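# A closer look at the structure
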Amino acid sequence: MSSIEARDVSASIDSEVLLAPVSFTANSGEALAVQGRNGSGKTTLLRILSGQLRPTGGQAFIDGEPVDEGHRAMRRTISARIGLPAFARELTAHEHLRFIATTWGRLGSAATDAADTTMAALGISHLRNRFVNELSSGQTQLLSLATALVRPCDVLILDEPEQRLDATRRALLASVVRTEIDRGAAVVIASHSRDMVEAIADRSVSLAES
Amino acid sequence: MNTSTDRQILAQSRSVTASRAGLPTASDAVYTVYVAVLIIAIVAVPVVRSIVLGLARPEILATIVTPDSYRGVGVIAAVLAVGALLIGRTRGPVVPSPFLTEFLAGSHLARSDTLRRPFMISVAVLALSAVTVSGIVVGARFLGGPTSAIPAALIVVGSIAYSGVLAVLWLIGQSCPRRTTIPLAIVILGSAIAVGLGVDIVMLATPWGWLALLWESLGSAAPIPWWPVIALALSPLVFLAAPALLNFLRGPELMAQARRWQSIGTLVQTGDIAGASGALRTPPTRGRHYRISFTGPMPIAILRRDIGSARRFPVRIALGSLALVVAGWLNAQTASATDGLDWVVALVGVLLAYLAAGVWCDGLRNANENVGPSSLYGRGALIMICSHALLPGLACLLLGSIGVIAAVVGGAPIGVLPWWMLVSVFIVLVRILDCAKGPMPIGLLLPVVTPVGDVSILNVIAWQADALIIVLTTAGGLSVLFSTVGPGAAIWLTAGIGIVAALAGRRIRALGA
């Protein structure tokens, strides 16, 4: 299992500051909540932590190694869900998850089991044969989260996972994420939901408005 | 994880998508083959045949087979290499769907494995294009007179080999940063100039030079030069770099291209060509601190706004400006072009002018998007649109005139200058007409049953390309007429300006102005 660290990470374009410098560490089996007002740079920070964006200052590390999306091992370590993924309109919800699990080496029945388990955990088993365009916005959000949970990872990064979810689903999601933490994953979430943060996070970091 | 496990994972991943519900049936596949055969037989073969016959005409073939034509071949090949390098960041050879980009290329599997298939498809498309183009040109030479078979075959094979070089350069353009590809492009451009001047060492040392030397051997009685043959035969070795380049592709950049091209595909399918070309325009990254002044009367304020925002796209504006100069020069050359070539020169000139004017039309597009009750702006649509048309109009008039004046200095008649003014006005009006198009009428998608199948696609194509058709037939055709009958053509073009202006006004009103 791995730890993730932000060391004076910042981002700006020309003189426009997108993220003021921030430092923290989330160890294996620990969850950290990133909080802040709109525009404080939460999503930017998560994109940097997941290797989707290069910081203009500082550096993000996984187990002491700089985060680099180009490295296969790094891609295997981090599972990030920032915004909705690129769904395939021709695949059902279950086929999506089975395909993703297969690409991460869960072959044959193992992929099917992973898809079944993840859908059951999030309470969306009944949606297995729906195409993405047949899902409500909340159901789409749950399938989106499932794409991050159906694959193996040591670091889980979620951006406002509570969006569009009702109270029951938020509790279900918190339970699933706690299971990941108990398994030893390091979790970083950005959230505006106090309930979600209290249910999941061991610590939190507040971003200054940039 | 070892390679065989990776391959197993990749194969099983593909089997998941291959076994999905709603796959095309056997009858779907048969229909696709039927349509492909019909298109080849009814469209492709006659088009290729007419191009070959056209090129084989003595006056055109004389241009192709001049003793120095090999230099032109080398320059064209080098410019293609530069284009391949520079276009990679906008549209690389590896653009899988966003879904496969996120979940297959984004997996732990090596990108040299997961992205090999889309790359090989691009390689195949390039090779097919090379065979077609070289086959057409070599075919024209065969028809035009005695030509040796072996050099002709070597040129076709050499073109395929060169297409492999282009594919790898294209991949370099996609995977490497601009700070690497731009200097490389400049070096290739420099070598293109050297090839154009016939510098031997550059001819012998570059793939574009090898292709040029092969072309030279086609027209000479001398033995076939061995070096370009061997060098091009060995050039597929460049594919050894492909796995490393594929692994060097960055996920976010792959995703950006995948999303952009998926949305372009959707927009084209729905007939929204303007939206599709808008998706190709990357958002600005510089010039945020330029202060744009909005003082003065509304047309002047809007002109300032458009000039200020154009400064934020220096490369696009520079290329568009250069293209307008070339377009003006080409238009002025129509009269001096030999019979048969005058049509080509005129059509290419006005097409280039129309496309280049588009880089100055961002404000015009925005004004058209804001026609109607929900407009952001407090002025009438006609005032806004006419004011935003000032900048593309000035750009066409001034920049195109530079090219026209250059042609006049070179011997073209002075009368081409006022003619270009009329062409400029016409082109800007067609731009307004095109911007005010609105969504495609759904009725155009209704099936049109004929003995050869549903031809409703022709309606869609005609609707999508109406502006281009108007520009080519009117401005292009009348430019040829002007070169022969003179002022009489100006009367026709003035009438065309009036008609297009009326049509544009009608479209704007139809949008709810």
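Reading the values: rules and limits
Residues numbered from 1 in each chain as written. Chains lettered and ligands numbered in written order. Predicted model: local features only at pLDDT ≥ 70, side-chain atom pairs only at ≥ 80, totals over all residues. Helix = DSSP H or I, 4+ residues; strand = E, 2+ residues; numbered from the N terminus. Buried ≥ 20, exposed ≤ 12 C-beta atoms within 10 Å, placed from the backbone. Contact = placed C-beta atoms within 7 Å. Domains from an automatic or database assignment. pLDDT = per-residue confidence, 0-100. Pairing = 2+ DSSP bridges.

### Thoughts on the overall build of chain B
Each helix and strand in chain B was counted, giving 25 helices and two strands. Along the first, second and third principal axes, the C-alpha set of chain B runs to 70 × 60 × 60 Å. Expressed as a percentage of its 513 residues, the buried residues of chain B come to 38%. For chain B, the proportion of contacts with a sequence separation of at least 24, taken over those separated by at least 6, is 78%.

### Let's talk about the domain arrangement of chain B
Size of an interface, as often reported, equals the accessible area lost when the parts are brought together. With domains assigned, chain B is organised as domain 1 (30–64), domain 2 (67–259) and domain 3 (290–510). Each of domain 2 of chain B and domain 3 of chain B was reduced to a C-alpha centroid, and the two centroids are 33 Å apart.

### Let's talk about the confidence of the model for chain B
With 93% of its residues at a pLDDT of 70 or more, chain B has an overall mean of 87. Within chain B, the element-level pLDDT minimum falls on helix α15 (residues 273–280) of chain B, averaging 64, and the maximum on helix α13 (residues 242–247) of chain B, averaging 96.

### What about the sheet that holds strand β5 (residues 65–66) of chain A?
All names here are of chain A. The sheet built from four strands is open, its strands ordered β2-β1-β4-β5 with antiparallel pairing. Whereas interior strands pair on both sides, the edge strands pair on one side only; in this sheet they are β2 (16–26) and β5. When strand β4 (residues 57–62) meets β5, the two strands line up antiparallel, connected through two bridges. Opposite Ile62, over in β5, you have Glu65 as the bridge partner.

### Details of unusual backbone geometry
Trans is the common state for peptide bonds, and a negative phi is the common state for residues other than glycine. Residues and elements named next belong to chain A. Not every positive phi belongs to a glycine, and Glu160 is a case in point at roughly 45°. Its place among the elements puts Glu160 in the loop between β7 (155–159) and α6 (167–183). Taking the C-beta count within 10 Å as the criterion, Glu160 has 20 such neighbours and is therefore assigned buried. Non-glycine residue Arg164 carries a positive phi angle of around 65°. Relative to the helices and strands, Arg164 is located in the loop between β7 and α6.

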